[in-house]
Amino acid sequence: MRLAPGASIGIVGGGQLGRMLSIAAARLGYKSHVYAPDATPPAAEVAAGFTRGDYGDAEALRRFGAEVDVATYEFENIPVGALAALAEAAPLHPPLRALEVAQDRLIEKQFVRDQGGAPTPFLAVTSRGDLDQALAEIGAPAILKTRRLGYDGKGQARIERAGDAAAAWKALKGAPAILEAMVEFDAEFSILLCRGADGEIVTWDAPRNIHANGILDRSIAPAGEALDAAIRAGETLARRIAGALDHVGMLAIEFFGVSDQALFNELAPRVHNSGHWTIEGAVTSQFENHVRAICGLPLGDTARTAPRVEMKNLIGADVDQWLDLMREPDAFLHLYGKKNARPGRKMGHVTRLIGAARERA
Ligand code: AMP
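Residues numbered from 1 in each chain as written. Predicted model: local features only at pLDDT ≥ 70, side-chain atom pairs only at ≥ 80, totals over all residues. Heavy atoms only, no water.

### Observations regarding the site of the ligand
In plain terms, the rule: A single heavy atom is enough: if one lies within 4 Å of a molecule or strand, its residue is considered near that molecule or strand. What qualifies as a polar contact is a pair of N or O atoms within 3.5 Å, subject to a donor-acceptor requirement within protein and to the restriction that residues adjacent in sequence count only when both atoms come from side chains. Only DSSP runs of H or I covering at least 4 residues are called helices, and only runs of E covering at least 2 are called strands; the numbering of each starts at the N terminus. A domain assignment, automatic or from a database, supplies the domain bounds used here.
What surrounds the ligand is a group of 16 residues, the closest being Lys145, Glu180, Ala181, Val183 and Glu188. Contact distances for the ligand include 3.1 Å between an oxygen atom and a side-chain N or O atom of Gln156. Between the ligand and the protein, one listed contact pairs a nitrogen atom with a backbone N or O atom of Val183 at 2.9 Å. For the shell around the ligand, the elements supplying multiple residues, two or more each, are strand S6 (142-146), strand S7 (156-159), strand S8 (177-181) and strand S14 (261-268). Both domains that meet at the shell around the ligand, namely domain 2 (121-181) and domain 3 (187-354), each give it at least three residues.

Below is the structure:
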């Protein structure tokens, strides 16, 4: 099905990802309609319509679906059952199955292993006894992560030595979890892939990602030659996963690069923070290609627009530098319209095109 400009796109989730999706959709003449529980979500400010509702309210989501021509999501922690009600009222991309896999770290890693991928070594943990057993097998250092509802380093406890197990178990409050080996990686990178309704796949240069305190700090494209082989392996796996899910839209997969291997960390069936650089750093951004994919349109060129592109997140008080960043040549500032610059909160980002030709007549 091809949806022509003028059609309405329902976006479940109201954060910065929805905001940038709405902007990309509007540029192509589509109308975005945002669904979120908050009173003033960042995405609603730039969308044509806004419905306030809970993510678990199946009937409200069904009504929302009846008002739009196609629907997508920018947030992962939506109950699958409630989103299924929406999917009965409107075409939903990416598919529910992709969300189901991404929501649960155990299911996700098992799925990836079934696809021939290599996740970081892990074991399921549902009791204090399991944790001791898993720790004996995997060894310290390790990370205990909740299976569900974790993001930006939340729902995680590091275990430096066996003696830390009790504190880690307490920190996660007994939630079903996995214990993961701590990987000594050379670098982190992500594969940014978009699959069209007809199965066409495009990818961008895989960025190298640098995290601070479990939160993405910077993404740099290209990632550097040392990661070439690992990136090739990651991309092969990403394409296989996208096909297996019958995915339509953006799929971002985070990897740990260890020598020429790509160890799977996690996947996101949506636009992704490590793809923000594509707004100015690529001919077609991840946001535009996501809109194109879910509307059944041909995907756009993903070539880089500068020799090197760097995206820096503005987290918490970083956003106070906005005026200086505005004065910088070749720097593109994005602010998300959030009021409180709480520590750890993503307030905006800046993308720098490095080595790009500059001309003025
Ligand atoms: P996650 O939310 O699981 O992607 O974790 C956030 C960040 O914490 C990752 O991008 C890594 O920088 C770090 N991290 C998470 N899991 C591991 C691991 N098993 N080994 C090493 N670093 C990790």
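Structure's up, so let's keep going.
### A look at the packing of helix H1 (residues 16-27) against helix H10 (residues 286-294)
For clarity, the threshold we go by: Only C-alpha atoms enter the line fits that serve as axes; for helices the fit covers just the stretch in contact. Angles between N-to-C directions range over 0 to 180 degrees. Should an angle fall under 35 degrees it is called roughly parallel, over 145 degrees roughly antiparallel, and 65 to 115 degrees roughly perpendicular, with every other angle called oblique. It is the rotation of the near helix from the far one that decides the hand of a crossing: anticlockwise by less than a right angle makes it left-handed, clockwise makes it right-handed. By the convention used here, residues are in contact when the closest approach between their heavy atoms is within 4.5 Å. Residue polarity is assigned by list, with Asp, Glu, Lys and Arg as charged and Ala, Val, Leu, Ile, Met, Phe, Trp, Tyr, Cys and Pro as nonpolar; anything else, Gly included, falls into the polar class.
At a closest axis distance of 8 Å, the pairing of H1 and H10 adopts a crossing angle of 65 degrees. Between H1 and H10, the angle is such that the two are roughly perpendicular. Crossing handedness for the pair H1 and H10: right-handed. The segment H1 lies against H10, with Leu17, Met20, Leu21, Ala24, Ala25 and Arg27 engaging Phe287, Glu288, His290 and Val291. For the contact of H1 with H10, the class distribution of residues is seven nonpolar, one polar and two charged.

### Structural notes on the sheet that holds strand S3 (residues 49-52)
This is how the line gets drawn: By the convention used here, strands pair only if DSSP detects at least 2 bridges between them.
If you trace the four strands from one edge of the open sheet to the other, you get S3-S2-S1-S4, paired in parallel fashion. Edge positions in the sheet fall to S3 and strand S4 (70-73), since each of these pairs with one other strand and no more. Across the sheet, the mean angle separating the axes of adjacent strands is 20 degrees when strand polarity is ignored. As judged from the four bridges shared by strand S1 (residues 8-12) and S4, these two strands associate in the parallel manner. Residue pairing across strands places Gly10 opposite Ala71, the latter belonging to S4. Contacts between helix H2 (residues 58-67) and the sheet are confined to S1, strand S2 (31-36) and S3, with S2 contributing the most and set at about 180 degrees to the helix.

### A short note on the sheet that holds S7
One open sheet holds the four strands; their spatial order is S5-S8-S6-S7, and the pairing between them is antiparallel. Every interior strand has two partners, whereas the edge strands, strand S5 (122-125) and S7, have only one. Along the sheet, successive strands turn relative to each other by an average axial angle of 25 degrees, direction set aside. Where S6 meets S8, five bridges bridge the pair, whose relative direction is antiparallel. The residue bridging Ile143 from the neighbouring strand is Glu180, located in S8. In the packing of helix H5 (residues 105-114) onto the sheet, contacts are made with S5, S6, S7 and S8, and the angle to S5 comes to roughly 145 degrees.

### Here we look at the packing of aromatic side chains
Selection rule: Two rings from Phe, Tyr or Trp (for Trp, the six-membered ring) form a pair when their centres sit within 6.5 Å of each other. Planes less than 30 degrees apart are called stacked, planes more than 60 degrees apart edge-to-face, and all others tilted. Throughout, exposure labels follow a simple rule: accessible area from a 1.4 Å probe, protein chains only, divided by the maximum for the residue type, with under 20% read as buried, over 50% as exposed, and the rest as partly exposed.
On inspection of all chains with the given rule, the structure shows five aromatic pairs. Judged by centre distance (5.3 Å) and plane angle (55 degrees), the rings of Tyr35 and Phe64 are tilted. Residue Tyr35 is found in strand S2, and its partner Phe64 is found in helix H2; the two are separated by 29 residues along the sequence. Per residue, the accessibility class of Tyr35 equals that of Phe64, and both read buried. Aromatic rings pair up to connect Phe189, Phe255 and Phe264 into one cluster.

### Some thoughts on the pattern of salt bridges
To keep it simple, the criterion reads: Note on definitions: salt bridges are taken to be side-chain nitrogens of Lys or Arg within 4 Å of carboxyl oxygens of Asp or Glu.
Within this structure, the stated rule accounts for 25 salt bridges. Residue Lys145 is joined to Glu180 by a salt bridge in which the shortest nitrogen-to-oxygen separation is 3.1 Å. One end of the pair, Lys145, is in strand S6; the other, Glu180, is in strand S8, with 35 residues separating them in the sequence. The same class applies to Lys145 and to Glu180, which are both buried. Note that Arg218 is salt-bridged to Glu310, the shortest N-O span being 3.8 Å. Here the residue Arg218 occupies a position in strand S12 (residues 215-221), and Glu310 occupies one in strand S15 (residues 308-315), the gap between them amounting to 92 residues. Using a relative accessible area of 28% as the deciding quantity, one classes Arg218 as partly exposed. For Glu310, a relative accessible area of 16% corresponds to the buried category. Ionic contacts of the salt-bridge type, sharing partners, join the residues Asp217, Arg218, Arg308, Glu310, Lys312 and Asp318 into one network.

Keep in mind these values describe shape, not function.
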